[in-house]
Each structure stands twice: as C-alpha cells, then as structure tokens.
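Letter by letter, the chains look like this.
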Amino acid sequence: MKIDDKDVELLKATQDGLPIVREPYAAVGEKIGMSESEVIQRLRGMLDAGVVRRVGVTLAHRNAGFAANALIAWLVPKDRLDDAGNSLATRPEVTHCYARKPAPGWPYNLYTMIHGKSRAECDSLIREMSKEVNVGEFVVLYSARELKKTSFRIHS
Amino acid sequence: MDHIDRKLLQEMQAAFPLAERPFAAIARAAGISEEEALARVRSLAADGILRKIGPVLDSRALGHVSTLAAMAVPEERTDEVAELLNSFDGVTHNYLREAENSPTAFNMWFTAHARDERELSGILSEIERRTSLKAMRLDAVKIYKISVHFDLSGTDED
C-alpha cells in the first residue's frame, strides 16, 4: 500500500505510543495539525490496508508475568512443514510461527516463539507441541537476557 | 496487577478503540469509570508492564525487509558485541539465548529490518566485519502467525 506524507507524519507521531489521556487522538492531531476525525480515519485506513497490523497495547511481557520465553527451531520434513506451521500457530502460547530458510550447518526450518510463566511451563508445552506435530528434532533457545527490544519504526 | 488491570489489558490488547474516547469504552468493558481506567493504565505504564498503546506497524506492508540472524559470541565479548548490534536502528530485537540442546554455539539472536535487501545485507556484513564473527541469516519464507496477544486471564496477582 502507498501511504502519503500525512500518514507518515501520523505514524511518526504515534509509533512511540498514544498519550494516555481522555482524548488521545485529538491530542495527537493537535501536535501535528490534523483534526481528530482525520487522525482516526487515517489510522483506520492503514489498519484496513494492513500497514498497521493492529492498534493495541504492547506489553513488556516479562513484567506482565511471563518470565520465560523460548525460541524453538524445529526440523520438519518439507512435505509436512505447512501442516506443522499451521497447527502450532493455533496455540495461544505461540506468538510467532515462521518457516525460515535453513543455513549451512543449521537445518532447522520452522520457528516458534512461546511465552510462559516459567521454564517448567514452557518445557511441558514444548513436549506437547513436539508430540502434536510429530517432530522430534528441535532446538530450544531460552532467552537468558533481553539485550534490545523495540518496535519497528519509521526513521528520518 | 489485579483482575481489573488484567481485564483492561486484555480489552486493549487486540483492538484499542479508534474512537474519540477510547478509554471510556475500555472502562465500560471493565466495569469502572473512565477516570479510573486512565489512572490504572498510567500506573501500568509507569510500572513498566505496559510498553505502549498505539499502532503496530507491519514493516513488510511498508515494503521493508527483515530477517532473523544468529551469532556465536564468546562469553567475554557479549557486552561489546551487543552494544554494537544495538547501535543499529535496524536491529529491533536482540536476545542472549541459552542453547540447551543446540548442536552449535549460536547464542545471540537478533532481528534486523531495512528498507531494502541491499541495506539489510549491508547491516549484516558491517556487523560481521566489525566483530570478526559470522552472522547466520535465517530469512522467513512463510509466516503462519505474528501476534503478541497474551492470554492474561491466568496471570498471577501482583
């Protein structure tokens, strides 16, 4: 989708978050010289077009009680990749599920990110997932330290 | 966090209302006043539970490219390499990960975004050049799910 300069200006003004006030869209509009209704209309347009994936909250999941997160790299036979991907994606604990091109010495082709309250909870979930898609070869990569977490942003 | 906080977050997670008084709508759903909802949301933000409320962009829909990459970083170089990686605006996520049953020593996992492929491979080769370490690139071929909707219903109090 093509977005115009005013859309870009609006995204820049909101990508770090809306102000937590009674009328947040009016407040944003005031800052960039746009009416409240235009702010809402443009955001809705970009949401419908998919440029904006959603308007919602972004949680710091660690602080929200999800202490453990794991990236699991699965080695799935090619002909079962879509089935496995679609099936694991339906689980609420799975926040990301991607098929990725393997690299030399690294044959894994399906990646899921899961969040849980504890490692034990994640471990048992991973066992379930493995059984469900009948894939026994996988690597579990628990997050030991968050070094950087930002949202994708528009720059300059 | 009490059950009202969780209810507020749950309400706001999927779709924050695109309406003049969004917090009034959220408050109604949680059975509290708009003022109380605003106060609670402000303290969730101050406490660092809520990172932000607003539009989440789809970088792909904007024509950008991205990838997941991993590096095997020796322990004593963790901070130095992390600092370099994090200095790139295009590096949006970076985690030190414990590879429990990994056949390799890949421990630093990051996501990189750029306006086009040239810029993206430029970032990765600059990282490789400046660290003298190899960055393994794992391009997505298909997305089955991207969502950051957490099920907050069972989260422990406080």
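These numbers were taken from a predicted model, which means no experiment stands behind them.

Visitor: Would you explain the overall build of chain B in this entry?
Guide: Check the secondary structure of chain B and you find five helices and six strands. When its helices and strands are written in sequence order, chain B yields α-α-α-β-β-α-β-β-α-β-β. Going through the 158 residues of chain B one by one, you find that 36% of them count as buried.

Visitor: Would you mind showing me how to read the packing of helix α1 (residues 5-14) of chain A against helix α2 (residues 24-32) of chain A here?
Guide: All names here are of chain A. Axis separation between α1 and α2 bottoms out at 10 Å; the angle between their running directions is 120 degrees. By the angle between their directions, the pair α1 and α2 is classed as oblique. With respect to the hand of their crossing, α1 and α2 are arranged in right-handed fashion. On α2, the residues touching Glu9, Leu10, Ala13 and Thr14 of α1 are Val28, Lys31 and Ile32. Residues that form the contact of α1 with α2 fall into these classes: four nonpolar, one polar and two charged.

Visitor: I keep staring at the interface of chain B and chain A and nothing clicks. Help me out?
Guide: You'll often see interface size given as the accessible area lost when the parts meet. Chain B puts 66 residues into the contact, and the matching count from chain A is 64 residues. Among the elements that line the side of chain B that touches chain A, the one with the most residues is strand β3 (residues 91-99) of chain B, at nine residues. Partitioning the side of chain B that touches chain A into residue classes produces 35 nonpolar, 14 polar and 17 charged. Pairing between strand β5 (residues 138-149) of chain A and β3 of chain B: seven bridges, direction antiparallel. Across the sheet, the residue bridging to Tyr142 of chain A is Glu98 of chain B, located in β3 of chain B.

Visitor: Would you explain helix α5 (residues 117-131) of chain B in this entry?
Guide: Two residues of an α-helix separated by three or four positions point the same way, owing to the 3.6 residues in each turn. Residue and element names in this part refer to chain B. The terminal C-alpha atoms of α5 lie 21 Å apart, and with 15 residues this matches the ideal 21 Å at 1.5 Å per residue to within 8%. Residues of α5 that are buried sit in contact with β2 (65-71), α4 (78-86), β4 (108-114) and β5 (135-138). Following α5 by one or two positions, Ser132 adopts a phi angle in the positive range, close to 55 degrees.

Visitor: Looking at this model, I keep getting lost on helix α3 (residues 34-46) of chain B. Mind explaining?
Guide: The end-to-end C-alpha distance of α3 of chain B is 18 Å, a good match for the 18 Å that 13 residues give at a rise of 1.5 Å each. Of the residues one or two after α3 of chain B, Gly48 of chain B is the one with positive phi, at around 80 degrees.

Visitor: Help me out: how do you make sense of the packing of α1 of chain A against helix α3 (residues 36-49) of chain A in this one?
Guide: Residues and elements named next belong to chain A. Taken N-terminus to C-terminus, the directions of α1 and α3 make an angle of 95 degrees; their axes are 11 Å apart at the nearest point. By the angle class used here, α1 and α3 are roughly perpendicular. Between α1 and α3, the contacting residues are Lys6, Asp7 and Leu10 on the first element and Val39, Arg42 and Met46 on the second. Taken together, the residues of the contact of α1 with α3 sort by class into three nonpolar, no polar and three charged.

Visitor: Whenever I open this one, the domain arrangement of chain A confuses me. Can you help?
Guide: Taken as a whole, chain A is organised into domain 1 (5-49) and domain 2 (68-142). A separation of 37 Å is found between the C-alpha centroids of domain 1 of chain A and domain 2 of chain A.

Visitor: I would appreciate a short explanation of the nonpolar core in the present structure.
Guide: Most often, soluble globular proteins keep nonpolar side chains buried together rather than apart. Counting residues in hydrophobic clusters, the biggest one holds 48 residues, and the most contacted among them are Ala73 of chain A together with Ala69, Met108, Trp109 and Ala112 of chain B. Sequence-distant contacts of Ala112 of chain B, that is, excluding residues within four places in its chain, are made with Ser66, Thr67, Ala69, Gly90, Val91, Leu120, Ile123 and Leu124 of chain B. Of all hydrophobic cores here, the second largest spans 31 residues; its members include Leu11 and Met34 of chain A together with Ile53 and Leu62 of chain B.

Visitor: Please clarify how the domain arrangement of chain B should be interpreted in this entry.
Guide: Domain assignment breaks chain B into domain 1 (3-46) and domain 2 (65-138). The gap between the C-alpha centroids of domain 1 of chain B and domain 2 of chain B is 37 Å.

Visitor: Just checking my understanding: could you explain the sheet that holds β5 of chain B for this structure?
Guide: Each strand in a sheet pairs with its neighbour through backbone hydrogen bonds, running either in the same direction (parallel) or in the opposite one (antiparallel). Read from one edge to the other, the open sheet built from nine strands follows the order β5(B)-β2(B)-β4(B)-β3(B)-β5(A)-β2(A)-β4(A)-β3(A)-β6(B), with strand pairing classed as antiparallel. Unpaired on one side and paired on the other, β5 and β6 (140-146) of chain B mark the two borders of the sheet. Each adjacent strand pair in this sheet contributes to an overall mean axis angle of 30 degrees, direction not counted. Where β2 of chain B meets β5 of chain B, four bridges bridge the pair, whose relative direction is antiparallel. Among the inter-strand pairings, Met71 of chain B is bridged to a residue of β5 of chain B, identified as Ala135 of chain B. Relative to the sheet, helix α4 (residues 81-89) of chain A contacts β2 (68-74), β3 (94-100) and β4 (110-116) of chain A together with β6 of chain B, its axis offset from that of β3 of chain A by approximately 165 degrees. Sheet contacts for α5 of chain B: β2, β4 and β5 of chain B; angle to β4 of chain B, the most-contacted strand, approximately 145 degrees.

Rules used in this analysis
- Residues numbered from 1 in each chain as written.
- Chains lettered and ligands numbered in written order.
- Predicted model: local features only at pLDDT ≥ 70, side-chain atom pairs only at ≥ 80, totals over all residues.
- Helix = DSSP H or I, 4+ residues; strand = E, 2+ residues; numbered from the N terminus.
- Buried ≥ 20, exposed ≤ 12 C-beta atoms within 10 Å, placed from the backbone.
- Axes fitted to C-alpha atoms, helices over the stretch in contact; angles between N-to-C directions.
- Parallel < 35°, antiparallel > 145°, perpendicular 65-115°, else oblique.
- Left-handed = near helix turned anticlockwise from the far one by under 90°.
- Contact = placed C-beta atoms within 7 Å.
- Nonpolar A, V, L, I, M, F, W, Y, C, P; charged D, E, K, R; others polar.
- Pairing = 2+ DSSP bridges.
- Expected span 1.5 Å × (residues − 1).
- Domains from an automatic or database assignment.
- Core = buried A, V, L, I, M, F, W, Y, C linked by C-beta atoms within 7 Å.

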